[in-house]
Amino acid sequence: MEQKSNIGIVELIDRTLNKGVILNADLIITVADVPLLAANLRLALASVETMLKYGVMEDLISSNNKETKSLLYA
Amino acid sequence: MPNNALYMYGVVRCGFDLNWKENGINGENVYAISGGKFSALVHDCEEKPYAPKEPNEVKELIIAHSKILNRAIEDFGGVIPSNFNTIIKNNGNLSKNNLKKWLKDEQERLERTWNKVRGKREYGLRIYYEKDKFIQEASENNRVRKIKESINGKEGGLSYLLQCKVKSKIKDLVQEKIIRLKQEVCNNIKNITENTVINPSSILLDEEKDLLLSLSVLIEEEKVSGIKEILEKSKEEGLSFHLAGPFAPHSFI
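Residues numbered from 1 in each chain as written. Chains lettered and ligands numbered in written order. Predicted model: local features only at pLDDT ≥ 70, side-chain atom pairs only at ≥ 80, totals over all residues. Heavy atoms only, no water.

**Some remarks on the pattern of salt bridges**
All names here are of chain B.
Thought 1: Throughout the structure, instances matching the rule amount to 18 salt bridges over all chains.
Thought 2: E111 is paired through a salt bridge with R13; the nearest N and O atoms lie 3.1 Å apart. With E111 in helix α3 (residues 107–117) and R13 in strand β1 (residues 5–13), this residue pair connects regions lying 98 residues apart in the sequence.
Thought 3: In this structure R13 comes out as partly exposed when scored by relative accessible area, which is 34%. (Salt bridge = Lys/Arg side-chain N within 4 Å of Asp/Glu carboxyl O. Helix = DSSP H or I, 4+ residues; strand = E, 2+ residues; numbered from the N terminus. Buried < 20%, exposed > 50% of the residue type's maximum accessible area, 1.4 Å probe, protein only.)

**A few points about the sheet that holds strand β8 (residues 195–198) of chain B**
Residue and element names in this part refer to chain B.
Thought 1: Strands sit in the order β8-β9-β7-β10 across an open sheet of four strands; the sheet is antiparallel. Lying at the two open borders of the sheet, with one neighbouring strand each, are β8 and β10 (239–247). Taken pair by pair, the neighbouring strands of this sheet meet at an average axis angle of 20°, ignoring direction. (Pairing = 2+ DSSP bridges. Axes fitted to C-alpha atoms, helices over the stretch in contact; angles between N-to-C directions.)

**Some remarks on the nonpolar core**
Residue and element names in this part refer to chain B.
Thought 1: Grouped together as the largest cluster of nonpolar side chains are 32 residues, with contacts concentrated most on Y7, Y9, I25, L41 and F84.
Thought 2: The two domains that each donate at least three residues to this core are domain 1 (5–118) and domain 2 (121–252).
Thought 3: With residues up to four places along the chain from it excluded, the contact list for L41 reads Y7, M8, Y9, G10, V12, W20, V30, Y31, A32, A72 and F76.
Thought 4: Counting 30 residues, the second-largest nonpolar core is a separate cluster that includes L125, V144, V166 and V224. (Core = buried A, V, L, I, M, F, W, Y, C linked by side-chain atoms within 4.5 Å. Domains from an automatic or database assignment. Contact = heavy atoms within 4.5 Å.)

**Describing the packing of aromatic side chains**
Geometry of an aromatic ring pair is reported as the spacing of the ring centres plus the angle between the planes.
Residues and elements named next belong to chain B.
Thought 1: According to the stated counting rule, one finds six aromatic pairs over all chains in the structure shown.
Thought 2: An angle of 40° between the planes, with centres 5.2 Å apart, marks the rings of Y129 and F134 as tilted.
Thought 3: Look at Y129 and you get buried, because its relative accessible area is 5%.
Thought 4: Overall, F134 belongs to the buried group, its relative accessible area being 2%.
Thought 5: Put simply, the rings of Y7, Y9, Y50 and F84 touch in pairs and so form one group of aromatic residues.
Thought 6: R13 extends its terminal NZ or CZ atom over the ring of F38, reaching a point 5.3 Å from the ring centre.
Thought 7: If you follow K177 out to its NZ or CZ, it ends over the ring of F134, 4.4 Å from the centre. (Phe/Tyr/Trp six-rings, centres within 6.5 Å; stacked < 30°, edge-to-face > 60°. Lys NZ or Arg CZ within 6 Å of the ring centre and 35° of its normal.)

**Considerations on unusual backbone geometry**
All names here are of chain B.
Thought 1: Residue P246 is reached from G245 by a cis peptide bond, and omega for that bond is 5°.
Thought 2: Tracing the backbone through its elements, the reader meets P246 in strand β10.
Thought 3: Even without being glycine, N26 reaches a positive phi, approximately 55°.
Thought 4: Position of N26 among the secondary structure elements: in the loop between β2 (18–23) and β3 (29–35).
Thought 5: What makes N26 exposed here is its relative accessible area of 60%.

**Here's the deal with the packing of helix α6 (residues 156–192) of chain B against helix α7 (residues 224–234) of chain B**
All names here are of chain B.
Thought 1: Viewed as axis vectors pointing N to C, α6 and α7 meet at an angle of 165°, and their least axial separation amounts to 10 Å. Looking at the two axes, α6 sits roughly antiparallel to α7. Of the two elements, α6 crosses α7, and the hand of that crossing is right-handed. Counted together, N188, I189 and I192 of α6 and G226, I227, I230 and L231 of α7 form the full contact between these two elements.
Thought 2: Considering only residue class, the contact of α6 with α7 consists of five nonpolar, two polar and no charged. (Parallel < 35°, antiparallel > 145°, perpendicular 65-115°, else oblique. Left-handed = near helix turned anticlockwise from the far one by under 90°. Nonpolar A, V, L, I, M, F, W, Y, C, P; charged D, E, K, R; others polar.)

**Some details on the domain arrangement of chain B**
The accessible area lost on association of the parts is a frequent measure of interface size.
Residue and element names in this part refer to chain B.
Thought 1: As assigned here, chain B comprises domain 1 (5–118) and domain 2 (121–252).
Thought 2: The gap between the C-alpha centroids of domain 1 and domain 2 is 39 Å.
Thought 3: The interface of domain 1 with domain 2 comprises 10 residues on the first partner and nine residues on the second.
Thought 4: Surface buried jointly by domain 1 and domain 2 totals about 760 Å² across both partners, of which 61% is contributed by carbon and sulfur atoms.
Thought 5: Applying the counting rule to domain 1 against domain 2 returns zero salt bridges.
Thought 6: Secondary-structure elements contributing two or more residues to the side of domain 1 that touches domain 2 are α1 (55–76) and α3.
Thought 7: Sort the elements by how many residues they give to the side of domain 1 that touches domain 2 and α1 lands first, with four residues.
Thought 8: Partitioned by chemical class, the residues of the side of domain 1 that touches domain 2 number five nonpolar, three polar and two charged. (Buried area = accessible area lost by both parts, 1.4 Å probe.)

Here's what the structure looks like:
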């Protein structure tokens, strides 16, 4: 149950930190350390074993990504 | 430091300034600044980013940001979200004037985006497969069984080569099934969603399962049950899923 709620929070963080409407760079304050904050928070939410697994899984996802994209946008 | 900058949560279709009176990050008063047909939802802040030190502080700030976006969807029928920590600087002019000018200048682009996301929510969908079950199933395949039978009575190098062939065949069968299921699930989901994007990498939080696919889908709230039906059916194939949301449509801007 805990893990499921963590997945929701991680999904929310990924979106809120990385995706949104683009404004001209001269209008906004650039925040360089946000990715670091996100990484720290993810570490706090995920177990060590999970992060190890993630490392393995990330390779698999990357290798399959091209093929998966071709399925979606076919 | 004076509050001469603006923290921006997102943009809504509203052609006039509005004292919205919602409480945002740290209880700040959130209001709408208009420029043409659109308004930005903002609160007054110092001209510096939020810099939380602890993970829990980040979590609280992001949840507060997200609550405002969800409230905006309810009150304005949609929202074009900004990233966390989007702060409009003073830049020689008042932040308010900078923002009004930007809203007017970008009106065409905002209109296109608004039409795409209006009335819709984003969900994060993770689909997992049971690797052991897939391997077990593949190892019971007729062709695999025949190769296994042919090992009987063989010794040394030939036996070793045939065992390698068994492993390779099982691997191929599992991979074929993964590709087929991805295609089926993607096609079924594409049929009922407005838009779908692949999440390039995702953290796996459940070490018991293997991730088949991680997607962001843009969908009308009343169609979400359709996704759940598709996923329930795919359980028969040894898949399971986790649906997170609703979120503001961050991945579709």
